[in-house]
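Architecture and fold: a report
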Amino acid sequence: MAQLIANPIYDSAFKYMMQNEKAATVLLENLLDKEILKLDILTNDTPIVEEKSGVRILRLDFSAKVKDKKTGETELVTIELQKSYLDTEIMRFRTYLGQQYSDIKKTDAEMVDTWRKNKNNGQIERVSIEKRIPLHIVAIYILGHTFQEIDLPKPVIYNYPDPRGIENEPVPEILKTRFFRGVTHDTIIVQIPYLKRNAKTKVEQMLEIFCQDYVSNDTEQLLEFDDFDNRSQEFKDLARPLVYAVSDSQVRKVMTIEDEMSIHFQNVKYVTDENEALHSMIEENRQKLQEQQSQLQEQQSQLQKKDSQLQEQQSQLQEQQSQLQEKDSQLQEKDSQLVSSIQMLSELGISPEQIAIKLKVPIETVQLLLCGKIS
């Protein structure tokens with residue numbers, strides 16, 4: 001008989017599942033490949049859905065005491081889990097991870113003996129003080145999308161510190177030091193689109209809980225497993241909260257709201273992309289316009305320079321014309337004086353030859369004047 005479960009790709013269904021300690025333990029044990037001896041969720045009373053610019057990121061933080069299956073060693077770690085349905089900005093993940101590194105709550109307490117001066121008597125005394133030890137961080141990213149840059153069909157990707165010496169020799173001993181564990185973290189990435197039916201490995205079999213190949217024909221809010229009864233007990237423990245969520249009206253209501261939000265956010269993303277394209281075109285045209293304005297200003301400057309040169313030449317021509325007019329006026333005045341002098345001397349009975357000698361002018365000029373040909 002087919003079994004319907006709420007689709008955990010929805011934030012509300014995923015949160016419902018992960019708030020169940022048994023289900024959360026099953027999922028995290030399989031992803032970490034470690035036995036979880038104790039698990040505490042740290043984000044029960046904090047907002048876990050971020051809705052900014054069309055991006056929704058569900059975040060859950062756990063404190064877990066884990067046991068290595070091979071060595072039997074135990075460690076207290078912080079598990080920082082982020083789930084994103086739509087493609088989002090990497091900086092959002094980095095910012096949140098940075099907050100986990102600086103969060104004093106993500107540390108363990110240890111009493112250490114030291115020496116301290118007594119303020120009352122000035123004596124140096126041995127005292128015990130509390131020292132905070134940063135917990136190792138395991139970052140888990142469950143993505144409802146694949147990488148943009150490459151097609152990497154790997155449903156689960158592990159990235160653990162691999163310390164090396166100067167000659168590239170492995171130095172695994174450092175993994176046991178508090179310093180190294182405190183300043184490094186493990187990363188596990190799950191790409192939901194690459195999860196398929198009939199998985200071979202145990203981890204992928206557990207992660208089939210996210211496989212969208214099982215989406216019901218009636219609604220994307222539900223997954224339908226025909227072979228549910230034949231599944232392992234671990235898978236059933238993981239799926240049990242999602243079975244209950246099917247009949248939980250509040251969870252289904254929130255899932256419907258998520259559908260509406262996704263449509264809205266996808267539209268917003270489309271409009272945002274379109275706006276970015278328009279802004280890019282506007283910026284490109286603005287730059288072209290600035291270049292054209294710069295060229296026009298340069299041409300205008302050159303024209304102004306030429307105009308200035310023309311004005312200067314015109315001014316020089318006007319000055320030369322003024323000088324010529326002044327010289328012409330002076331010549332006319334001299335001619336008028338000469339005519340008056342010749343006429344006056346002639347009336348006094350002086351011969352033309354004597355007038356020419358006296359005024360130092362050609363005799364022909366005197367004769368033409370006296371004959372009435374020059375006025």
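Structure: above.
Residues numbered from 1 in each chain as written. Predicted model: local features only at pLDDT ≥ 70, side-chain atom pairs only at ≥ 80, totals over all residues. Heavy atoms only, no water.

**Considerations on the layout of surface pockets**
This is how it is decided: Detection works on a 1 Å grid of protein atoms alone, calling trapped sets that fit a 1.4 Å probe cavities and calling open sets with protein on both sides within 12 Å along at least five of seven lines pockets, with lining residues defined by an atom within 4 Å of a point. Grid points are joined across faces, edges and corners, and a volume is the space filled by probe spheres set on the points. Helix and strand definitions follow DSSP, with helices as H or I runs of at least four residues and strands as E runs of at least two, each counted in order from the N terminus.
Here the largest pocket defines a volume of roughly 1,100 Å³. For the largest pocket, the lining is made up of 34 residues, of which K34, E73, E75, L175 and R181 are closest to its centre. Elements with a minimum of two residues in the lining of the largest pocket: α2 (21-32), β5 (74-84), β6 (107-117), β7 (124-134), β8 (136-143) and α4 (178-183). No other element matches β5, which puts four residues into the lining of the largest pocket.

**Focus on unusual backbone geometry**
The phi angle of most residues is negative, glycine excepted, and most peptide bonds adopt the trans form. To keep it simple, the criterion reads: Classification of residues uses two cut-offs on accessible area relative to the type maximum, computed with a 1.4 Å probe and protein chains only: under 20% is buried, over 50% is exposed, and between them is partly exposed.
A positive phi angle, close to 55 degrees, is found at N198, a residue other than glycine. Residue position: N198 is located in the loop between β10 (185-191) and α5 (202-207). Among the residues examined, N198 registers a relative accessible area of 60% and is labelled exposed. Despite not being glycine, K360 shows a phi value in the positive range, around 60 degrees.

**Considering helix α1 (residues 11-18)**
Within α1, six of the eight residues are buried, which leaves it mostly tucked inside the rest of the structure. All of the buried residues along α1 are D11, S12, A13, F14, M17 and M18.

**Remarks on the side chain of E80**
Stated formally: Residues counted as positive are Lys and Arg, residues counted as negative are Asp and Glu, and His and the chain ends are not counted. One speaks of a salt bridge when a side-chain nitrogen belonging to Lys or Arg is within 4 Å of a carboxyl oxygen belonging to Asp or Glu. Two residues form a contact once any of their heavy atoms are found within 4.5 Å.
With respect to the element layout, E80 can be found in strand β5. Of the side chains with opposite charge, R59 comes closest to the buried, unpaired E80, at an N-O distance of 6.1 Å. In this structure E80 touches L60, D61, Y96, L97, Q100, V138, A139, I140 and Y141, once residues within four positions along its chain are discounted.

**Examining the packing of aromatic side chains**
The condition that has to hold: Each pair of aromatic rings taken from Phe, Tyr and Trp, with Trp reduced to its six-membered ring, is defined by centres within 6.5 Å and is described as stacked if the planes are under 30 degrees apart, edge-to-face if over 60, and tilted in the remaining cases. Counting as a charge over the ring demands two things of the Lys NZ or Arg CZ atom: a distance within 6 Å of the ring centre and an angle within 35 degrees of the ring normal.
Counted by the stated rule, this structure contains five aromatic pairs. Following the ring pairs from residue to residue traces out a cluster consisting of Y214, F225, F228 and F235. R231 extends its terminal NZ or CZ atom over the ring of F235, reaching a point 4.6 Å from the ring centre.

**With respect to the nonpolar core**
Counted only if it meets this: Among buried residues, those of type Ala, Val, Leu, Ile, Met, Phe, Trp, Tyr and Cys that are joined through side-chain atoms within 4.5 Å constitute a nonpolar core.
With 50 residues, the main nonpolar core has F14, M17, M18, I140 and F210 as its most contacted residues. Tallying contributions element by element places α2 first for this core, with seven residues. Other than its neighbours up to four places away in sequence, F14 contacts P8, L27, L58, L60, L81, K83, I142 and F210.

**Some details on the pairing of β6**
Heads up, the rule is: Between any two strands, pairing holds if DSSP finds at least two bridges.
Sheet topology places β6 next to β7; 11 bridges connect them, and they run antiparallel. Its bridge partner lying in β7, W115 is registered against R126. Between the end of β6 and the start of β7, which pair antiparallel, lie six residues, with G122 showing a positive phi angle near 75 degrees.

**Some remarks on the pattern of salt bridges**
Applying the stated rule across the entire model yields 11 salt bridges. Of the charged contacts in the structure, one is a salt bridge between D68 and K34, with a shortest N-O distance of 3.4 Å. You can see D68 sitting in the loop between β4 (55-67) and β5 and its partner K34 sitting in the loop between α2 and β2 (35-41), a full 34 residues away along the chain. Residue class for K34 comes out partly exposed when judged on its relative accessible area of 25%. With its nearest N and O atoms 2.6 Å apart, the salt bridge here joins K38 to D40.

Everything listed here is a matter of geometry and, on its own, says nothing about what the molecule does.
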